[in-house]
Amino acid sequence: MRRSSSVLIIVLSCLALGFVSWRLAFEVPASAAQSGQNPELMRTSNPAPRVSKPMEPPALVASVAPPGSAVYVAKRGDTVTLVAHRFLSQTSFLTSSELADAIRQANGNPQGTYLKSGQELVIPGILPAPIVEKTIPVPRDFEVRAVYLTGVMAASDRGLRIIKRWRELGGNSVVFDVKDSDGSVNIPFDHPLAGVHHIAIHDLPKFTHFLHSQGMHAIARVAIFRDERLVVAHPELAVKSHKTGQPWRENGKLVWTDPSQPKVQAYDIALAKRAAEAGVDEVQFDYVRFPAEGDQKDASFVFQTDHPTWHRSDVIADFLKHAYAELHPTGVLLSLDVFGIMAWQRPVDLAHTGQDIVQMAKYCDVVSPMIYPSHFFGMDGIAHPGDAPEHFIGESMKRFELITKGSDVVIRPWLQAFRWRTKTYSPEYIEVQVKTAKETGGIGFLFWNAANDYSKPYAAMPEMRAAKGQYFRGDELPSVVQADLTRPTDKTAIDK
């Protein structure tokens with residue numbers, strides 16, 4: 001009886017166990033579906049074989065990005081620097097290294113050289129649209145306090161630091177090369193004569209916007225007529241030799257286009273207008289003259305045939321008349337760099353350069369004589385002119401003031417910020433120049449250093465700034481700009 005009972009219990013247990021297994025086999029998938037789980041993740045005694053899907057390439061944009069940014073999914077071989085180069089044109093940053101630093105900060109400073117494939121990166125500073133900057137008009141007697149930067153320097157991290165430092169010390173303007181005296185064009189410029197050229201400042205409106213955000217008056221320097229690149233590419237536009245009919249050379253160098261060539265004039269005016277359209281506040285013409293050295297008797301120019309009664313000064317004045325007519329309606333100021341020696345009005349200098357200050361003053365807002373003391377060698381019986389800044393700057397300014405009297409043109413001098421041919425170059429040397437120029441009628445000043453080393457002006461500025469009225473007035477850009485130093489680059493700001 002006990003044996004029969006035991007057998008019965010075992011049979012009933014097996015039946016119960018089978019029933020439970022049968023229920024689980026049908027009910028688990030259903031419950032899994034109701035809970036939203038993937039049925040494939042549920043283990044069974046006989047799992048179906050899984051088929052692996054091919055891996056898709058990482059997308060450029062994945063997660064929702066914070067406002068003013070984008071999310072990039074890294075590919076194999078990517079680095080932060082490489083990603084910064086790709087995105088620079090889409091951001092408010094001016095240099096790729098500046099953007100790379102911002103990317104690292106926004107993403108917890110990722111370690112290692114290479115990014116992981118599939119890694120998401122937040123790209124900060126994304127612009128909703130390209131920046132469109134406009135000129136900020138100022139009166140012609142606005143007191144400019146400027147340093148000069150080459151195009152390459154202006155587009156670099158060091159250049160940005162110079163600009164910010166100069167602003168901190170009381171500067172309010174920057175002169176930067178759009179076109180240098182070797183003919184290098186530093187901005188995008190679509191023109192038949194421009195050819196393929198290295199671009200240092202890839203986005204001029206963005207750079208101008210940055211200067212404005214720093215409270216800076218933006219001055220685009222355009223070196224005209226002395227243009228080695230253009231002469232080599234287009235020898236038909238060069239000054240010609242009477243003797244050979246070939247391009248004329250200044251002391252063995254092939255560097256001068258013919259200032260009276262209509263194509264040359266049109267080219268330089270078009271470049272100046274391009275800068276004006278990008279929002280610069282002033283266009284500055286340098287080398288607005290004929291060649292002054294070399295065998296002058298062998299130099300042949302187009303105007304001698306087309307306008308036989310003209311002199312070189314008539315060519316320069318006619319060019320400026322057309323240039324001013326093109327640029328003035330844009331709201332920019334037009335300033336002209338001229339030799340400091342022109343203040344003495346020696347006939348030989350006028351005959352060679354064509355820089356008749358009286359005529360030139362009719363077609364510009366500002367005349368900027370280059371009155372570097374070291375350049376007046378052989379003048380006024382002073383053996384070391386570089387060590388006599390008070391004399392040469394004072395004498396030059398008085399003469400320029402007299403020459404331009406009644407023209408309303410502003411005299412804003414270029415001053416020496418380099419130690420060539422002087423043993424006394426120092427912060428005090430800087431102060432003497434600025435004070436002397438102001439006391440003799442100068443309004444503002446421009447510091448020139450070809451290497452962009454402004455350590456001495458940096459040291460001089462705090463004392464000059466503290467002595468209110470003795471060295472400069474302290475003009476600033478309109479208050480609307482000063483109150484907007486951190487302007488957002490969103491679409492609303494761009495459209496205004």
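Below or above, wherever it landed, is the structure these notes cover. Keep in mind that this is a model prediction, so the values were computed, not measured. (Residues numbered from 1 in each chain as written. Predicted model: local features only at pLDDT ≥ 70, side-chain atom pairs only at ≥ 80, totals over all residues. Heavy atoms only, no water.)

1. A closer look at the overall build of the protein
- Helix and strand counts for the protein come out as 17 helices and 13 strands.
- For the protein, buried positions account for 49% of its 496 residues.
- Counting every atom, the protein has about 25000 Å² of accessible surface; 56% of that belongs to carbon and sulfur. (Helix = DSSP H or I, 4+ residues; strand = E, 2+ residues; numbered from the N terminus. Buried < 20%, exposed > 50% of the residue type's maximum accessible area, 1.4 Å probe, protein only. Areas by Shrake-Rupley, 256 points an atom, 1.4 Å probe, with all protein chains shown as cover.)

2. Here's the deal with helix α5 (residues 157–168)
- Look at α5: 17 Å from first C-alpha to last across twelve residues, which is about the 16 Å you get at 1.5 Å a residue.
- By the burial criterion, the buried members of α5 are Gly159, Leu160, Ile162, Ile163, Trp166 and Arg167. Looking straight down α5, one finds that the buried residues subtend no more than 155° of arc, so they occupy a single side. Turned more than 90 degrees off the buried face of α5, the exposed positions are Arg161 and Glu168.
- Downstream of α5 by one or two residues, Gly170 has phi in the positive range, about 115°. (Expected span 1.5 Å × (residues − 1). Arc of directions from axis to C-beta.)

3. A look at the packing of aromatic side chains
- Counted under the stated rule, the structure contains 18 aromatic pairs.
- In this structure an aromatic cluster arises from ring pairing among Trp166, Phe445, Phe447 and Phe472.
- Over the face of the ring belonging to Trp420 we find Arg421, whose NZ or CZ atom lies 5.2 Å from the ring centre. (Phe/Tyr/Trp six-rings, centres within 6.5 Å; stacked < 30°, edge-to-face > 60°. Lys NZ or Arg CZ within 6 Å of the ring centre and 35° of its normal.)

4. A closer look at the pattern of salt bridges
- Scanning all chains against the criterion turns up 18 salt bridges.
- Between Asp101 and Arg104 there is a salt bridge, and its shortest N-O distance comes to 3.3 Å. Placement of both Asp101 and Arg104 in helix α3 (residues 96–106) is noted, with a separation of three residues, approximately one turn of the helix.
- In this structure, the salt-bridge partner of Arg473 is Asp475, at a minimum N-O distance of 2.5 Å.
- Here the salt bridges do not stand alone but share partners, grouping Glu143, Arg145, Arg167 and Glu476 into one network. (Salt bridge = Lys/Arg side-chain N within 4 Å of Asp/Glu carboxyl O.)

5. What to know about the pairing of strand β7 (residues 282–286)
- Taking burial as the measure, the five residues of β7 include five buried ones, the bulk of the element.
- Residues Glu282, Gln284 and Asp286 point to one face of β7 and Val283 and Phe285 to the other, with burial holding for every one of them.
- Here strand β5 (residues 217–223) pairs with β7 via five bridges, running parallel. Looking at β7, one finds that Ile219 is bridged to Glu282.
- Strand direction decides the pairing type here: β7 and strand β9 (residues 333–339), joined by four bridges, are parallel. Bridge pairing in β9 links Gln284 to Ser335. (Pairing = 2+ DSSP bridges.)

Bear in mind that shape data such as this cannot, by itself, settle questions of function.
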